[in-house]
Amino acid sequence: MLILTRKSGETITIGENIEVKVLSIKGGQVRIGIDAPQSVSITREEVLLKRQENAENKA
């Protein structure tokens, strides 16, 4: 795992076409923006885990 420290307004680039920007930091919350091609799937972890749980329950 790569760990980086960023300030509000700073950006991280992943590959050639994905950018993650720190939009704001307030208390314990960090707002980020992700700029990526539509072909790249972006899913919050809790949503992904819920989908997996639902799939397992149906099987």
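Residues numbered from 1 in each chain as written. Predicted model: local features only at pLDDT ≥ 70, side-chain atom pairs only at ≥ 80, totals over all residues. Heavy atoms only, no water.

**Student:** Lay out the overall build of the chain with the relevant residues and their values.
**Tutor:** Counting its secondary structure elements, the chain contains 1 helix and 3 strands. Its helices and strands taken in sequence order, the chain reads β-β-β-α from the N to the C terminus. Structurally, the chain occupies a C-alpha span of about 45 × 30 × 20 Å along its principal axes. Going through the 59 residues of the chain one by one, you find that 7% of them count as buried. Sequence separation of 24 or more characterises 0% of the internal contacts of the chain that already satisfy a separation of 6 or more. Accessible surface, the chain as shown: approximately 5600 Å² in total, 50% of it carbon and sulfur. (Helix = DSSP H or I, 4+ residues; strand = E, 2+ residues; numbered from the N terminus. Buried < 20%, exposed > 50% of the residue type's maximum accessible area, 1.4 Å probe, protein only. Contact = heavy atoms within 4.5 Å. Areas by Shrake-Rupley, 256 points an atom, 1.4 Å probe, with all protein chains shown as cover.)

**Student:** Quick one: what's the story with the side chain of S24, residue by residue and with numbers?
**Tutor:** Here S24 lies in strand β2 (residues 18–26). Ignoring any residue separated from it by four or fewer positions in sequence, one finds S24 in contact with S8, Q29, V30 and R31.

**Student:** Break down a nonpolar patch on the surface for me, citing the residues and quoting the values.
**Tutor:** There is a patch of nonpolar side chains on the surface, built from I25, V30, I32, I34, V40 and I42 and spanning about 500 Å² of accessible area. With 3 residues, strand β3 (residues 29–35) is the single largest residue contributor to the nonpolar patch. Along the chain, the position of I42 falls in the loop between β3 and α1 (45–58). The exposure class of I42 is partly exposed, given its relative accessible area of 48%. (Patch = residues over 30% accessible without salt bridge, like charges linked within 9 Å, V, L, I, M, F, W, Y side chains within 5 Å. Salt bridge = Lys/Arg side-chain N within 4 Å of Asp/Glu carboxyl O.)

**Student:** Residue-level account of the environment of R6, with values.
**Tutor:** Along the chain, the position of R6 falls in the segment before β1 (11–14). Considering only alpha carbons, one finds R6 and V22, 16 residues apart in sequence, at a separation of 7.2 Å. Not counting residues within four places of it along the chain, the set of residues in contact with R6 comprises T11, I12, V22 and I25.

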